[in-house]
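# Understanding the architecture of this molecule
For reference, the chains in residue letters:
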Amino acid sequence: MTAHPRRAGRLRRRLALPVLTAGLLLLTACGPEDPGFAMQKGFAPPAAVTTTAPGQAAGGTAAAAGAATAPTGAATPKALPAGVPYDVTPLLKPGLKYLGAALPDVPASMDALGPYSATIGKQPNVLEYYAHWKGGFDTAGVRRIYEAGALPYMAWEPYDHSLASIAAGDTDDYVRGVAKAVAKLNLPIAVSIAHEMNGDWYPWGRQASSPADFVGAWRHVHDIFDQAGATNVIWVWSPNITDPAPNTRLAPYYPGDTYVDWAGMTGYFTKSGPKTFETLYGPTMAEIRTFSKKPFFISETASEQGKRQRADIDQLFSGLEAHDDIVGFVWFNIVKRADWRVEAVPDTLAAFKQRVSDPRYGFDIRNPR
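To start, this report covers the structure provided alongside it. This is a predicted model, so every value here is computed, not measured. (Residues numbered from 1 in each chain as written. Predicted model: local features only at pLDDT ≥ 70, side-chain atom pairs only at ≥ 80, totals over all residues. Heavy atoms only, no water.)

Within this structure, the stated rule accounts for 30 aromatic pairs. Where Y268 meets F332, the ring centres are 6.2 Å apart and the plane angle is 75°; that geometry is what we call edge-to-face. Pair noted here: Y268 is in the loop between β8 (262-266) and α9 (277-288) and F332 is in strand β10 (residues 326-332), with a separation of 64 residues, a long-range link. The positively charged end of R366 is found above the aromatic ring belonging to Y146, 4.6 Å away from the centroid. (Phe/Tyr/Trp six-rings, centres within 6.5 Å; stacked < 30°, edge-to-face > 60°. Helix = DSSP H or I, 4+ residues; strand = E, 2+ residues; numbered from the N terminus. Lys NZ or Arg CZ within 6 Å of the ring centre and 35° of its normal.)

Glycine aside, residues mostly have negative phi, and peptide bonds are mostly found in the trans state. The linkage connecting V106 with the following residue, P107, adopts the cis geometry, with an omega of 10°. Positionally, P107 belongs in the loop between β3 (98-102) and α4 (113-120). Of note, D105 is a non-glycine position whose phi angle comes to about 70°, a positive value. Even without glycine at this site, E196 takes up a positive phi of about 60°. For E196, the position within the fold is in the loop between β6 (189-193) and α8 (211-228).

Taken together, eight strands build a closed barrel; the order of strands is β3-β4-β5-β6-β7-β8-β9-β10 and the barrel is parallel. Ignoring which end each strand starts from, the neighbouring axes of this sheet average 30° apart. Bridge count between β3 and strand β4 (residues 126-132): two bridges; the pairing is parallel. Across the sheet, A101 pairs through a bridge with L127, a residue of β4. (Pairing = 2+ DSSP bridges. Axes fitted to C-alpha atoms, helices over the stretch in contact; angles between N-to-C directions.)

If you want it as structure tokens, here you go:
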């Protein structure tokens with residue numbers, strides 16, 4: 001598979017860097033309470049594989065919780081040779097579909113992963129989490145996700161900084177620090193900036209920022225990552241479906257194909273909303289196809305509890321299977337404004353478990369096919 005010209009150029013620049021010593025390959029870890037970047041002394045050794053019985057809560061360390069339900073045949077995580085950048089190109093358009101989830105407390109704790117995987121009968125190979133702007137970069141947490149066999153997906157939320165100020169460079173020191181940490185991490189990570197920007201429920205939404213502000217901020221941050229050599233990022237542009245905001249056009253918010261890898265979509269099945277996959281996602285997909293051919297990725301979805309919930313599950317999976325240009329989805333399995341947990345209703349869980357058992361969902365991210 002041939003890399004995009006812009007990505008290939010970034011890879012060449014990183015390969016041209018001097019060969020790093022083993023000590024310099026060592027990674028940076030900082031969490032929400034540590035805005036700095038402290039060097040660590042290398043990768044943590046892979047956790048021993050243990051067996052978790054169905055329904056049993058995962059115990060021990062966070063890494064062990066992830067390892068307990070690692071995908072069959074998954075390769076043991078290994079650091080790349082010094083100076084070799086991680087090539088995410090094979091992950092952009094895999095032959096199988098991503099099976100993703102957003103779970104409570106991930107990646108600070110991986111305790112929810114084992115029980116969720118046992119419940120649905122398969123481990124997710126994408127784990128989405130939400131990161132506060134200026135909150136540091138949780139390198140250790142991202143590594144935990146990868147060591148559990150999943151692609152980390154960071155939804156980066158600028159709650160305290162306007163998109164205009166980000167575009168103007170007011171947070172450059174912070175962004176540059178994150179970019180350098182991501183480059184040193186040298187593992188694949190999907191990143192979305194200011195998701196659902198076409199809605200009015202977030203402080204960076206259409207009521208507070210113009211499309212030009214959004215595009216300017218996105219391109220500015222992306223350029224800083226390029227300069228830092230962070231070519232291991234999959235960039236996910238992620239508007240909300242157009243249903244709540246049909247008069248807000250998406251094209252003005254699009255940073256351009258050289259700045260985006262996946263066209264994400266947030267869209268939930270609700271009691272009063274569209275009843276089919278095509279009415280929920282179709283208008284948004286059709287509009288995006290007027291200006292971009294990038295693969296789609298459903299970056300958040302779930303079904304509200306009610307009489308339609310089992311039908312919603314069938315609609316979701318039938319729609320995914322009808323569209324080869326959708327590379328996967330993330331199920332939001334968290335209680336927030338509603339109980340979106342798939343295991344909360346037995347019939348819903350049974351339908352979900354049956355559909356995800358299809359071999360087209362989930363694959364080893366270290367050996368995509």
